[in-house]
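Residue-level structural notes
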Amino acid sequence: MNFDLPPDLVAHLGSLDAFINEKILPLQHADDNNRFFDHRREFARTDLSNGGLPTAEWEQLLSQARQLADEAGFFRFALPTGYGGQGHPESNVWMTATRFHMASHPVYGGGIGLANDLQNEHSVVGNFPDVLMLHHFGSAEQRRTLIPQRLRGEFRATFGLTEPDHGSDATFLSTAATPTPDGGFEINGRKKWQTGAHHCTHLIVFARTSGEPGSARGITAFLIPRDTPGVRTVSFEWTFNMPTDHATIALEGVRVPASAVIGQLGHGLAIAQTFVHENRIRQAASSCGAAKYCLERSIERAQGRQIWGEGRRLADHQAIQFPVVELMTQVEMLRLLILQTSWQMDRVVASGVRWPWVQIERTLSDRVAMCNYWANRLCCQAADRAIQIHGGDGYSRHYPFEHIYRHFRRYRITEGAEEIQMRKVGAYLFGFGGKARSTKM
């Protein structure tokens, strides 16, 4: 067995670093752009006079970085070749290795920086779940028109599954779509945490069209133009980490034609779950990388901090060493599990099965859940330890750790709360749901 990254992947990461050093970091350091990344970051990014939404200057800077990355061939890496991607056969391994590398990098790591600012899921190597959703499930017309518009930045959609009264219990959602005499649907309900609602052109909304509450069947995905009558932004929710672009949306008598349906009528929940494993494994890699970043900065601090007289360092004390040892051990073990799980996911895709994500759900979702819930928790623990080792400086906004903690704490809820993911693992281990995994080595 070989546990090294393939040489071509190592070369790819080197090319990515060179691009970031040549194009992205100079842009970050130009003019006063560092106000978005230093101790002023939260206030520079947040328009307090406009409901806490992102400032126009902040979003323009992110757009500039994405444009540079697209021109250099990095931004669309994970997309199929027909959309400008590289169509790499080991895309999960490559993407998780890339996410870990960027989040752990000593110069631009931690998830704070123009190359990879995770507070709003920005990266010069993009994720495109909406494009893949349309590619696999959209109608011919939706694929023909909307995917090119998305890649040009002209089509932007929110993802409307969560509701004010329903989160993880998605099969009990209250939003309903009823048929209309003209063959379309009328949709009524509310959706919460609609990220990007302030500048979206469309909403992807999941609503019940048939079946009983609790049934996975009977939920349909709809694509609704933002300016459709009856679509109303109720509020933007202020969060632990600002700015906010997370809206609560009311749908009141919203009329849409039959062509607004994505995929098959009544099978929308399967669409919502299609790319959750890709998202979770990549998120795990980012969290694991950010944890390593926090710990390595803590080691540097402890080695350089003189205490209680000349010649004595903070690092000389086991009370400092041992918590870092425990966390770094978990980072290394988790990194290998993430890469192994990514490799197993790629093997499923390479097997040629028609719906690989269904096979991944049946055989690997427990491994993906292990990686994700533990990585997100580990990152919070590592950021907290970094704050402690840095003392008052760590608590200040002049260091990145409070920002890292506040952002990555979100991941313990989004993409499936950690309790839901632990339940998934339990189902596999104890055989009361899913496919029980053998414990034999």
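Residues numbered from 1 in each chain as written. Predicted model: local features only at pLDDT ≥ 70, side-chain atom pairs only at ≥ 80, totals over all residues. Heavy atoms only, no water.

1. Side note on the overall build of the protein chain
Secondary structure summary: the protein chain contains 13 helices and 10 strands in total. What you see for the protein chain is a C-alpha radius of gyration of 22 Å, in line with the 22 Å of a compact globule of 441 residues. The burial tally for the protein chain puts 51% of its 441 residues in the buried class. Expressed as a percentage of contacts within the protein chain between residues at least 6 apart in sequence, the contacts between residues at least 24 apart total 69%. Accessible area for the protein chain stands at about 20500 Å²; split by element, carbon and sulfur atoms hold 53% of it. (Helix = DSSP H or I, 4+ residues; strand = E, 2+ residues; numbered from the N terminus. Rg over C-alpha atoms; globule rule 2.2 N^0.38 Å. Buried < 20%, exposed > 50% of the residue type's maximum accessible area, 1.4 Å probe, protein only. Contact = heavy atoms within 4.5 Å. Areas by Shrake-Rupley, 256 points an atom, 1.4 Å probe, with all protein chains shown as cover.)

2. Description of the nonpolar core
One finds I20 and V124 to be the most contacted residues of the largest nonpolar core, which totals 99 residues. With 13 residues, helix α10 (residues 356-390) is the single largest residue contributor to this core. When residues of this core are assigned to domains, at least three map to each of domain 1 (7-128 + 271-430) and domain 2 (157-262). Sequence-distant contacts of V124, that is, excluding residues within four places in its chain, are made with L16, F19, I20, I24, A65, A69, F74, F75, M102, L114 and A115. (Core = buried A, V, L, I, M, F, W, Y, C linked by side-chain atoms within 4.5 Å. Domains from an automatic or database assignment.)

3. Description of the side chain of R280
Following the sequence through the fold, R280 ends up in helix α8 (residues 276-304). No salt bridge is formed by the buried R280. Its closest oppositely charged neighbour is E415, at 4.8 Å. Apart from the residues lying within four places of it in its own chain, the contact partners of R280 are V368, N372, E415, G416 and Q421. (Lys, Arg positive; Asp, Glu negative; His and termini not counted. Salt bridge = Lys/Arg side-chain N within 4 Å of Asp/Glu carboxyl O.)

4. Thoughts on the pattern of salt bridges
Following the criterion strictly, the structure yields 24 salt bridges and no others. Of the charged contacts, one joins R301 and D393 as a salt bridge, the two residues approaching to 2.9 Å between their closest N and O atoms. Linking R301 in helix α8 with D393 in helix α11 (residues 392-395), this pair joins segments that are 92 residues apart in sequence. Shared partners join several salt bridges into a network, and the residues in it are R41, E42, R397, E402 and R406.

5. Points about the packing of α8 against helix α9 (residues 318-350)
Close contact between α8 and α9 brings their axes to 9 Å; oriented N to C, the two are set at 155°. Between α8 and α9, the angle falls in the class roughly antiparallel. You can see that α8 and α9 cross each other, and the crossing is left-handed. Packed against α8, whose contacting residues are H277, E278, I281, A284, A285, C288, A291, K292, L295, E296, I299 and A302, the element α9 presents I320, V324, L327, M328, V331, E332, L334, R335, I338, T341, S342 and M345 at the interface. Tallied by class, the residues present in the contact of α8 with α9 amount to 16 nonpolar, three polar and five charged. (Axes fitted to C-alpha atoms, helices over the stretch in contact; angles between N-to-C directions. Parallel < 35°, antiparallel > 145°, perpendicular 65-115°, else oblique. Left-handed = near helix turned anticlockwise from the far one by under 90°. Nonpolar A, V, L, I, M, F, W, Y, C, P; charged D, E, K, R; others polar.)

6. What about unusual backbone geometry?
Backbone phi values are negative for most residues with the exception of glycine, while trans is the configuration of most peptide bonds. The step from M242 to P243 runs through a cis peptide bond, and the omega angle for that step is 15°. By the secondary structure assignment, P243 is in the loop between β8 (231-236) and β9 (246-256). In this structure, W193 takes a positive phi of about 60° despite not being glycine. Position of W193 among the secondary structure elements: in strand β5 (residues 185-195). On the basis of relative accessible area, W193 is assigned to the partly exposed category, the value being 38%.

7. Regarding the domain arrangement of the protein chain
In terms of domains, the protein chain is made up of domain 1 (7-128 + 271-430) and domain 2 (157-262). Its C-alpha centre places domain 1 at a distance of 29 Å from the equivalent point of domain 2. If you look at the interface, domain 1 gives 20 residues, while domain 2 gives 17 residues. Summed over both partners, the interface of domain 1 with domain 2 buries about 1500 Å², with 62% contributed by carbon and sulfur atoms. (Buried area = accessible area lost by both parts, 1.4 Å probe.)

8. Focus: the environment of A72
Topologically, A72 is positioned in helix α3 (residues 56-72). The sequence separation of A72 and L16 amounts to 56 residues, and the corresponding C-alpha distance is 9.4 Å.

9. A word on the pairing of strand β6 (residues 202-208)
Of all seven residues in β6, seven are buried; the element is thus mostly enclosed. When strand β3 (residues 157-160) meets β6, the two strands line up parallel, connected through four bridges. The partner of T158 across the bridge, within β6, is L203. Sheet analysis places β6 next to strand β7 (residues 219-225), joined by seven bridges and oriented antiparallel. (Pairing = 2+ DSSP bridges.)

10. What about the packing of aromatic side chains?
Taken as a whole and assessed by the stated rule, the structure comprises 15 aromatic pairs. Judged by centre distance (5.5 Å) and plane angle (50°), the ring pair of W355 and W357 falls under tilted. According to the relative accessible area criterion, W355 is partly exposed, its value standing at 37%. Classification of W357 by relative accessible area gives buried; the value is 13%. Joined through ring pairs, the aromatic side chains of F137, F275, W355 and W357 make up one cluster. Lying over the aromatic face of Y293, R297 brings its terminal NZ or CZ to 4.9 Å of the ring centre. (Phe/Tyr/Trp six-rings, centres within 6.5 Å; stacked < 30°, edge-to-face > 60°. Lys NZ or Arg CZ within 6 Å of the ring centre and 35° of its normal.)

11. Some remarks on the environment of R362
For R362, the location among the structural elements is in helix α10. For the pair R362 and Y428, spaced 66 residues apart in the sequence, the C-alpha separation amounts to 9.7 Å.

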